Amino acid sequence: MAWKRPGVRIPLAPLLNSVMFLGETKFYSMATSTNSQDFSLNGLRVLVTGGGSGIGKAIADAMTHAGARVVVCDVNNSTKPNYVCDVSNSRDVDAMFAAIQRDLGGLDVLVNNVGVPGPTARVDEMDADAYDECVRINLGGTFRCTKAAVPMLLKTCGSIINISTSAGIFGYPLRSPYVAAKWGIIGLTKSWAMELGADGVRCNAICPGSVSGPRMDGVIEREAAATGVSPQSIRTGYENQVSMKTFIDATDIAAAAVFLSSPAARFITGQVLPVDGNIETMRA
Ligand SMILES: NC(=O)c1ccc[n+]([C@@H]2O[C@H](COP(=O)([O-])OP(=O)(O)OC[C@H]3O[C@@H](n4cnc5c(N)ncnc54)[C@H](O)[C@@H]3O)[C@@H](O)[C@H]2O)c1
């Protein structure tokens, strides 16, 4: 483990519980330097993208409960986010990170949660613009936020959590742009863990399975419309793909995100964690 200032790498005694950054007056309690029995997020500053609703909101609530100071961004102003931001727009993202620096003085954890379902169609019937839009938001948004966050995370030995999906491991018929982006997010996770690990910054991915809620309801309705199969049969098909024969809850994803952000996960990086009741196949 090491504490790094630009151009200077200084080994840390493993028993150190906090690190003082020269030139700054604050002590930062860092996930990477405290002990592996510590599951609290006390004092950590967290940004959850797309945190106005759904899984992002559940993650924000759980991290707040665990002691973190959490801010969320969302493109949808009606969800009352701390920052209104389209993560696929570089100008929005840069303005948001400038505001976070001003408001929080830095960042310890970035949760790249934004993801749109994209179109449902076979490849020969897929609209190219809809394909591009899905990849631009899901993959491009994750890249843009991470690029802007890393200068802050390098100062705090922080961590990144990318939300992928089980489909990002298996593939998923009729949803190829979503899969392309989410599979790409796993590639980004592995690459960023390698790029940033020596500087003490961790990067992991969580792959949710089918999460109960309006988003999965919409996915099932669109799939029913595209295939002519009843929504109930499609839902049962999804449940049958899972060893535990059930959908999961957003709070289950949130629990994994809290763990990965905590000191207890200080040496976990570059990993892809499915939280899905064990999906065995993505074929009905
Ligand atoms: N719900 C599931 O079953 C499921 C399964 C696997 C993976 N996931 C992934 O989990 C993440 C969250 O999913 P969810 O079900 O909570 O989705 P959701 O649609 O309920 O919430 C997503 C939030 O992101 C916001 N958002 C959308 N585009 C944005 C943009 N360009 N910039 C900023 N904010 C934007 C939305 O306004 C919304 O508040 C996504 O990455 C999704 O792909 C979900």
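None of these values were measured; they are calculated from a predicted model.

## What to know about the overall build of the chain
Moving on, step 1. Helix and strand counts for the chain come out as eight helices and 11 strands.
Moving on, step 2. Taken over 284 residues, the chain has a buried fraction of 44%.

## Focus: the environment of P117
Moving on, step 1. Mapped onto the elements of the fold, P117 is located in the loop between β8 (109-112) and α3 (128-156).
Moving on, step 2. Accessibility expressed as a C-beta count within 10 Å gives 16 for P117, which makes it partly exposed.
Moving on, step 3. Filtering out sequence-adjacent residues up to four positions away, P117 remains in contact with Y178, R215, G218 and V219.

## Side note on the site of the ligand
Moving on, step 1. Residues in close proximity to the ligand total 29 residues, the closest being G50, G54, I55, G115 and V211.
Moving on, step 2. Counting residues per element, the ones that place at least two in the shell around the ligand are α1 (54-65), α3 and α6 (214-227).
Moving on, step 3. Considering every element that reaches the shell around the ligand, the biggest residue donor is α1, with three residues.
Moving on, step 4. Classifying every residue of the shell around the ligand by side-chain character gives 11 nonpolar, 15 polar and three charged.

## Digging into the pairing of strand β9 (residues 159-163)
Moving on, step 1. In terms of residue burial, β9 counts as a mostly covered element, since five of its five residues are buried.
Moving on, step 2. Burial of the side chains of β9 extends over both faces: S159, I161 and I163 are buried on one face and I160 and N162 on the other.
Moving on, step 3. Two strands pair when backbone bridges link them, and β8 and β9 are joined in this way by four bridges, in the parallel orientation. When the bridges of β9 are listed, V109 appears paired with S159.
Moving on, step 4. With respect to chirality, the unit in which β8 leads through α3 into the neighbouring parallel β9 is right-handed.
Moving on, step 5. Note that β9 and strand β10 (residues 202-208) share five bridges and pair parallel. Across the sheet, residue N162 finds its bridge partner in β10, namely A205.

## Digging into helix α8 (residues 250-261)
Moving on, step 1. With 12 residues, α8 should reach 16 Å at 1.5 Å per residue; the first-to-last C-alpha distance of 17 Å fits that figure.
Moving on, step 2. Here the buried face of α8 lies against α1, β8, β9, β10 and β11 (272-275).

## Section: the sheet that holds β9
Moving on, step 1. Spatially, seven strands are ordered β7-β6-β5-β8-β9-β10-β11 in an open sheet, and the strand pairing comes out parallel. Each edge of the open sheet carries a strand with a single partner, namely β7 (83-84) and β11.
Moving on, step 2. Here helix α5 (residues 176-196) sits on the sheet in contact with β9, β10 and β11, set at roughly 160 degrees to β10.

## Overview of the nonpolar core
Moving on, step 1. Ranked by size, the top nonpolar core spans 64 residues in total, and within it I59, M63, I253 and A257 carry the most contacts.
Moving on, step 2. A total of nine residues in this core trace back to one element, the largest contributor, which is α3.
Moving on, step 3. When near neighbours in sequence (up to four residues on either side) are disregarded, A257 contacts I59, A62, M63, V111, I161 and I206.

## Here's the deal with the packing of α3 against α5
Moving on, step 1. Put simply, α3 and α5 touch, their axes get as near as 8 Å, and they point 20 degrees apart. Taken together, the axes of α3 and α5 lie roughly parallel to each other. Judged by the twist between their axes, the crossing of α3 over α5 is right-handed. Each of Y131, C134, V135, N138, L139, T142, F143, T146 and V150 in α3 lies in contact with α5, whose residues at this interface are P177, Y178, A180, A181, K182, G184, I185, L188, W192 and L196.
Moving on, step 2. Residue composition of the contact of α3 with α5, by class: 14 nonpolar, four polar and one charged.

Calculation criteria
- Residues numbered from 1 in each chain as written.
- Predicted model: local features only at pLDDT ≥ 70, side-chain atom pairs only at ≥ 80, totals over all residues.
- Helix = DSSP H or I, 4+ residues; strand = E, 2+ residues; numbered from the N terminus.
- Buried ≥ 20, exposed ≤ 12 C-beta atoms within 10 Å, placed from the backbone.
- Contact = placed C-beta atoms within 7 Å.
- Near = placed C-beta within 6 Å.
- Nonpolar A, V, L, I, M, F, W, Y, C, P; charged D, E, K, R; others polar.
- Pairing = 2+ DSSP bridges.
- Right-handed = clockwise from strand over helix to strand, strands pointing away.
- Expected span 1.5 Å × (residues − 1).
- Axes fitted to C-alpha atoms, helices over the stretch in contact; angles between N-to-C directions.
- Core = buried A, V, L, I, M, F, W, Y, C linked by C-beta atoms within 7 Å.
- Parallel < 35°, antiparallel > 145°, perpendicular 65-115°, else oblique.
- Left-handed = near helix turned anticlockwise from the far one by under 90°.

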